[in-house]
Amino acid sequence: AQKVTQAQTEISVVEKEDVTLDCVYETRDTTYYLFWYKQPPSGELVFLIRRNSFDEQNEISGRYSWNFQKSTSSFNFTITASQVVDSAVYFCALSGTGNQFYFGTGTSLTVIP
Amino acid sequence: GAVVSQHPSWVICKSGTSVKIECRSLDFQATTMFWYRQFPKQSLMLMATSNEGSKATYEQGVEKDKFLINHASLTLSTLTVTSAHPEDSSFYICSANRLAGGRTFDNEQFFGPGTRLTVL
């Protein structure tokens, strides 16, 4: 079974604080892909990152960084020095064989100025 | 590149009417498109998988006679909500797999901006 768990429903941080959004996944596929999307109030999904199961290297893109650990089936997302514009709902997603996407329940991030 | 559009972006209709939502891949071909539904403060739930030239595959619990899907070309899929009721009010999002060089790039979906449906 494919499943993505985002245990944090809502997070509030003060601007400039760092924040980590957790994502834990379940899959029996040996080849799979993990994603993070940002959904601002407008509703449009904004693609942030895609990682395949064979690449466990952490990635940094500006203030964003991702920590992928197969040993714990986690793909956590950290925003450094958060800004008000980071306020949104963030979804972690999994795709394996069959190319269907399985989304987590999302984490609503509020950055307080 | 890899842009997916949806039309309309929002629609308000009366209960009992039908509403058609279009999903287009603007700069690529897509053999497979997906339709999701998202209720307020909830996650995206896959409704159906639409394959060009064949019948859509619906997820469990989704009424295929209520949510008609047509994928008549490699760049267009439509979702028709028939006899809409207030409980159908939701945010509908489509996505598409890119077909290039005769190969479908699985695990690489491009999402449309969504259509907000309100049924009065």
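Coordinates for the structure precede this section.
### Quick look at the pattern of salt bridges
All names here are of chain A. Taken as a whole and judged by the stated rule, the model has five salt bridges over all chains. With a shortest N-O distance of 2.8 Å, R63 and D86 are connected by a salt bridge. With a gap of 23 residues between them, R63 in the loop between β7 (59-61) and β8 (64-69) and D86 in the loop between β9 (74-79) and β10 (88-95) connect regions that are remote in the sequence. You can call R63 partly exposed: its relative accessible area is 25%. Among the residues examined, D86 registers a relative accessible area of 1% and is labelled buried.

### Re the interface of chain A and chain B
The partner chain B presents 19 residues to the 18 residues of chain A that form the contact. Across the interface of chain A and chain B, roughly 1400 Å² is buried in total on both sides, 50% from carbon and sulfur atoms. Linking chain A to chain B there are two residue pairs in polar contact (both at pLDDT 80 or more). It is strand β5 (residues 33-39) of chain A that provides the largest number of residues to the side of chain A that touches chain B, a total of four residues. Looking at side-chain class alone, the side of chain A that touches chain B contains seven nonpolar, nine polar and two charged residues.

### Thoughts on the state of the cysteines
Scanning the entire structure with this criterion turns up two disulfides over all chains. Sulfur-sulfur distance for the disulfide between C23(A) and C92(A) comes to 1.9 Å. Given an S-S torsion of about -65 degrees, the disulfide between C23(A) and C92(A) has left-handed geometry. Note that C23(A) is positioned in the loop between β3 (19-21) and β4 (24-26) and C92(A) in strand β10, a separation of 69 residues in sequence. Neither C23(A) nor C92(A) differs from the other in exposure class; each is buried. Between C23(B) and C94(B) runs a disulfide, and the two sulfur atoms are separated by 2.0 Å. Between C23(B) and C94(B), the S-S torsion sits near 80 degrees, and that sign places the bridge as right-handed. One end of the pair, C23(B), is in strand β3 (residues 19-25); the other, C94(B), is in strand β9 (residues 90-100), and 71 residues separate them in sequence. Residue C23(B) is classed as buried on the basis of its relative accessible area, which comes to 0%. C94(B) gets classed as buried once you look at its relative accessible area, which sits at 0%. No disulfide involves C13(B); its sulfur sits 18 Å from that of C94(B), the nearest cysteine.

The rules behind each value
Residues numbered from 1 in each chain as written. Chains lettered and ligands numbered in written order. Predicted model: local features only at pLDDT ≥ 70, side-chain atom pairs only at ≥ 80, totals over all residues. Heavy atoms only, no water. Salt bridge = Lys/Arg side-chain N within 4 Å of Asp/Glu carboxyl O. Helix = DSSP H or I, 4+ residues; strand = E, 2+ residues; numbered from the N terminus. Buried < 20%, exposed > 50% of the residue type's maximum accessible area, 1.4 Å probe, protein only. Contact = heavy atoms within 4.5 Å. Buried area = accessible area lost by both parts, 1.4 Å probe. Polar contact = N/O pair within 3.5 Å; in protein donor to acceptor, adjacent residues only side chain to side chain. Nonpolar A, V, L, I, M, F, W, Y, C, P; charged D, E, K, R; others polar. Disulfide = S-S within 2.5 Å.

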